[in-house]
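Fold and contact review
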Amino acid sequence: MLSLVFFSLLNGLVFGLLLFMLSSGLTLIFGMMGVLNFAHAGFYMLGAYLGYTMSITVGFWPALVVAPLAVGALGAVVERFGLRRVHRFGHVAELIFTFGVAVLIEEVVQLVWGRPAKSYVVPAALDFPLFQVFQGSFPAYKAFMLGISVAIFAFLVAVFTRTRAGLVIQASLTHPGMVAMLGHNVPRVFMVVFGVGSALAALAGVIAGPVLGTFPGMAQVLGSIVFVVVVIGGLGSLAGAFVASLLIGVIQTFAVAINVSLGSTLASLGIQVDATGPFQDLWRVTVAQVAPILPYLLLVLILIVRPTGLFGTRET
Amino acid sequence: MTPAVELIDVHKAFGRTPIIRGVTLAVEAGTRQALIGPNGAGKSTLFNLITGKYPVSSGRIRLKGEDVTGRRPYEINRRGLSRSFQVTNIFPWLSVYENVRCGVLWSLGYRYSFWHRVDAARDAHERTETVLEQLHLAARRHVPAGVLSYAEQRALEIGITIAGGADVILLDEPTSGMSRSETEQVVQLIRQVTAGKTLLMVEHDMSVVFDLADRIAVLVYGQVIAHDTPERIRASTAVQEAYLGAPARVG
Amino acid sequence: MSAPAPAAARPVAAAAPARARWLRRYGVWLAAAVVVAALPHVARTPAAVPVMNQMGIAVVFALSYNMLLGQGGMLSFGHAVYFGLGGFIAAHALNLAGRGAVYLPAPLLPLVGGLGGLAFAVLFGSVSTRRAGTVFAMISLGIGEMMAASSLIVDRFFGGEEGITANRAKAPLLLGLPVTTDQQVYYLIAFWALLATVLMYAFSRTPLGRMANAVRDNPERAEFVGYSAQWVRFLSFCAAGFFAGVAGGLFAVNYEILTGANMGAAASGAVLLMTYIGGIGYFAGPILGAIVFTFLQSMLSDYTSLWLLYVGVIFLAAVLFAPMGLAGVLAMHGPVWRARRAGRLVGPYLAAALAALVAIAGVVGLLEMVHFVVVAPAGAASMRLLGLPLAVRAAWPWLGFIALAVTGAVALRRAGPRAAAAFAEASRPGGPR
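Quantities reported herein were computed from a predicted structural model and do not represent experimental measurements.

1. With respect to the sheet that holds strand S9 (residues 215-220) of chain B
Sheet strands associate in pairs through backbone hydrogen bonding, adopting either a parallel or an antiparallel arrangement. Residue and element names in this part refer to chain B. Ordered in space as S6-S7-S8-S3-S9-S10, the six strands form an open sheet in which the pairing is mixed. The open sheet has two free edges, formed respectively by strand S6 (81-83) and strand S10 (223-228), since each of these has just one partner strand. This sheet shows a mean twist of 15° between the axes of neighbouring strands, independent of strand direction. Where helix H1 (residues 43-50) meets the sheet, it contacts strand S3 (32-36), S6, strand S7 (168-172), strand S8 (198-202) and S9, and its direction lies at approximately 150° from that of S7.

Structural data, given as structure tokens:
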């Protein structure tokens, strides 16, 4: 039991920080440009696939640098020649555009790499258990993931609060017009932020690919959860994204490990339920089976109660 | 006589910043009144409070004797109060005709009906045509409202406001940005469409104010410092100081 | 003032313009009904009728979606939920009818689907429509994902991985009309599609329909003319859910199987794609989009497995260059056609189309060859593209397609602006210079 709790917490932390790496880029892009970038998870997928290809040709470590750079450049191009054009048609058009880019990325990935999942393996240098406790072991690779995520987080905080560029970005987050009037090239800031956000997503893909799987549906699976995180945390709030990422990461990881159902709980209390009646599914289903729904349930509940999310101040 | 609109010790603060600091004002039914004051006094905020766009921090608002504090804009509108906006607020992708017709539908009792054919509704059509004639926009009825000239849009703005037959009309800077001749036309229009109704308007153009208003209320720093006839307001030193500052001391 | 015309003469004189007005107003619908009724006899290939059935279902679904997007300004990423739930309810009803538990002839099934879609739209809409814009889109996404995930959990209703099957031949007959062959199903779908289209058009001409447009344009202003924006959106949402359910019911009758995928993100994405490509600003836009999308989906997928990629590219091109959609592009040419200046466009348009075709041929060839190389077993050396053999291991097909693509692109760079200029010239109010 203790082992379960400990490892679920640890794995939840790893997953949560990975979600934060993805959601921070999305939050930045949304906060600054008002666009919820559907293609964000697509860039994550591109990162994973590029990481896979490089890891079987030149090695894993170059992939850590090259893949984010390549995808970041792609993101900048998408912003410069696509999003900027569509911007004048309104928010709905922007959402639809990023949706189209997401579809395109998924199809191109299937075209170039094929449909079957790729066996993207953990690099040999990190493929060992880091420590053993409570009959379980914690792989070193996951510690590596943890380390990278924390480093990225620290880097973001440092850039935002200590550098001039960070200050400009922070200001553009809430007052892009004023920042432009002060002489800064706001469109270029947007392009850079979009590119950096995409690069972060790709980096998340490179390191998460071996653990979460590299297959054409990965963008859809993770993309929805990242949206949930961003909206729950509050649109435009990095702190909110951080809290929500950890929350969802831990909840998901715990839920998947719990094989208890409503029926079995009631039975342990001495109440028998009808296993063949019309509500049999309600009694039979375990928490683990319901786990995929939990983030969306939380999303809908929070949006009903607090449309601005936990920490957010704006709805659009 | 119940006042058309009555504010009783209304306060409004945004966060910690007080904008309206205790306004008590009664607008008599059937009069045309103007709300003037220096920039930042809170005139638009007061309008937004009366029409339900913002909730009051404290105080009460009465419409024709009924307490409407905290009611939603559409509830207030259904009780007979309608407003125009300082920044033109129309339905840009609907035609001019449709814009006005949207303003009449609820007042004619159509509500959320999806069993009436709106093109066959003779009463809606006649009322819309009447308003279009008053606005001199009948010839432009099929033009998408977003394409109209600025003055035409301002006229349409007023048209949508009065189309529903509300008897308390709030106009927020109806002549802003207009030339002299355009202003005169709009003043004529306002006089025509508010005959027999209660009008409260925010205006900066003093010639319009003295031309139309029966009484003037002066709002300075969120408080009404004077509410009187135009002549007495013109002569009031308090009002002059509010606009021009205290006289300089020499020596 | 002359004496009034004799009573006998007046009705006749009045009848002629009344007839003309009647024809103008209802003529389009009558013509549509005639065309739709005649289609199966015109298109004689056996594959045609199933595709047309698919198109009919897609038309109803896309029109229902546009009640939200184009009419109401609400972008939903989960509209397939109401389509799917309507379909599932219809499938269960069909099974009950087949067992004799309830009297429900097959032709009434779409109505059952519609009511099912309506019920869930009322349920979910009450929370979704409190906000518009991005929040609405995200809630719709959340609900969509939730329902898609639920479909694997609630086995009794959704049938798990295999879904729910039904048999339309077992249901009782209505007026002795059988609904078994594809062609009979076609007439059922055609009837319901026409009826649904008429109803949805009529809805847009009601006070609620007009205010939905107003709320889309300016929700604040709509509140200040006495309408609660939230109520207008909610009622529109319910109506859209109803018609999506009708489409789901038609799906159940046609394919006799519903699975969780029918409710999922892919289905919701597809209806967004087809509606947008058709043009959200025009009532007939989604009809066009549904027909074109279904055509691409069914025809292209026979020739290539990359059809979704092509659709994605078309979609992006529409968003970037033609956000008004196919219907919008056609409408743009209305004034030119009416002024009889369309002839001037034929030349420049043909040139641009030719250049585009060449470029597309090159790009498509390259993409297909890449796909083949990735997917085919290691030894395969040649593939067939539209019947033409291509030796993918040799250099010449690659160079050839690259040449085609480049040539087409270069030609398009000149022909494109020329076509645009010709259009601008022909649209000038005063006539071409």
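The rest of the description comes next.
2. Regarding the pairing of S3 of chain B
Looking along a regular strand, one sees the side chains alternate between the two faces of the sheet. All names here are of chain B. When you tally the buried positions in S3, you get five out of five residues, the bulk of the element. Along S3, one buried face is formed by Arg 32, Ala 34 and Ile 36 and the opposite face, lined by Gln 33 and Leu 35, is buried too. Sheet topology note: the S3/S8 ladder contains four bridges and is parallel. Each residue of the ladder has a partner; that of Arg 32, found in S8, is Leu 199. Across four bridges, S3 lies against S9 in parallel orientation. The residue bridging Ala 34 from the neighbouring strand is Ile 216, located in S9.

3. Notes on the domain arrangement of chain C
All names here are of chain C. According to the domain assignment, chain C contains domain 1 (27-323) and domain 2 (334-427). Computed over C-alpha atoms, the centres of domain 1 and domain 2 are 33 Å apart. With four residues of domain 1 at the interface, the matching set in domain 2 holds four residues. The residue makeup of the side of domain 1 that touches domain 2, split by class, is two nonpolar, two polar and no charged.

4. Some words on the nonpolar core
By size, the foremost hydrophobic cluster in this structure holds 272 residues, and its most contacted members are Tyr 44 of chain A together with Val 60 and Phe 243 of chain C. Here Val 60 of chain C is in contact with Ala 193, Ala 196, Phe 243, Val 246, Ala 247 and Leu 250 of chain C, once residues within four sequence places are set aside.

5. With respect to the interface of chain B and chain C
It is common to give the size of an interface as the accessible area lost on bringing the parts into contact. Contacts between the two partners involve 30 residues from chain B, matched on the other side by 22 residues from chain C. Each residue belonging to the side of chain B that touches chain C can be placed in one class, and the counts come to 16 nonpolar, nine polar and five charged.

6. Here we look at the packing of helix H1 (residues 2-33) of chain A against helix H8 (residues 186-212) of chain A
Residues and elements named next belong to chain A. For the pair H1 and H8, the least separation of the axes is 9 Å and the interaxial angle reads 165°. Considering the angle they form, H1 stands roughly antiparallel to H8. In this structure, the crossing between H1 and H8 has a hand that is left-handed. Residue-level contacts link Leu 18, Met 21, Leu 22, Ser 24, Gly 25, Leu 26, Leu 28, Ile 29, Met 32 and Met 33 of H1 to Phe 190, Val 193, Phe 194, Gly 197, Ser 198, Leu 200, Ala 201, Leu 203, Ala 204 and Ala 208 of H8.

7. Observations regarding the sheet that holds strand S5 (residues 66-67) of chain B
Residues and elements named next belong to chain B. Pairing within the open sheet is antiparallel, and its four strands lie in the order S2-S1-S4-S5. Strands with a single pairing partner mark the edges of an open sheet, and in this sheet they are strand S2 (17-27) and S5. For strand S1 (residues 5-14) and strand S4 (residues 58-63), the ladder comprises five bridges, and the chain directions are antiparallel. The residue bridging Ile 8 from the neighbouring strand is Arg 60, located in S4.

Criteria and cut-off values
Residues numbered from 1 in each chain as written. Chains lettered and ligands numbered in written order. Predicted model: local features only at pLDDT ≥ 70, side-chain atom pairs only at ≥ 80, totals over all residues. Pairing = 2+ DSSP bridges. Helix = DSSP H or I, 4+ residues; strand = E, 2+ residues; numbered from the N terminus. Axes fitted to C-alpha atoms, helices over the stretch in contact; angles between N-to-C directions. Contact = placed C-beta atoms within 7 Å. Buried ≥ 20, exposed ≤ 12 C-beta atoms within 10 Å, placed from the backbone. Domains from an automatic or database assignment. Nonpolar A, V, L, I, M, F, W, Y, C, P; charged D, E, K, R; others polar. Core = buried A, V, L, I, M, F, W, Y, C linked by C-beta atoms within 7 Å. Parallel < 35°, antiparallel > 145°, perpendicular 65-115°, else oblique. Left-handed = near helix turned anticlockwise from the far one by under 90°.

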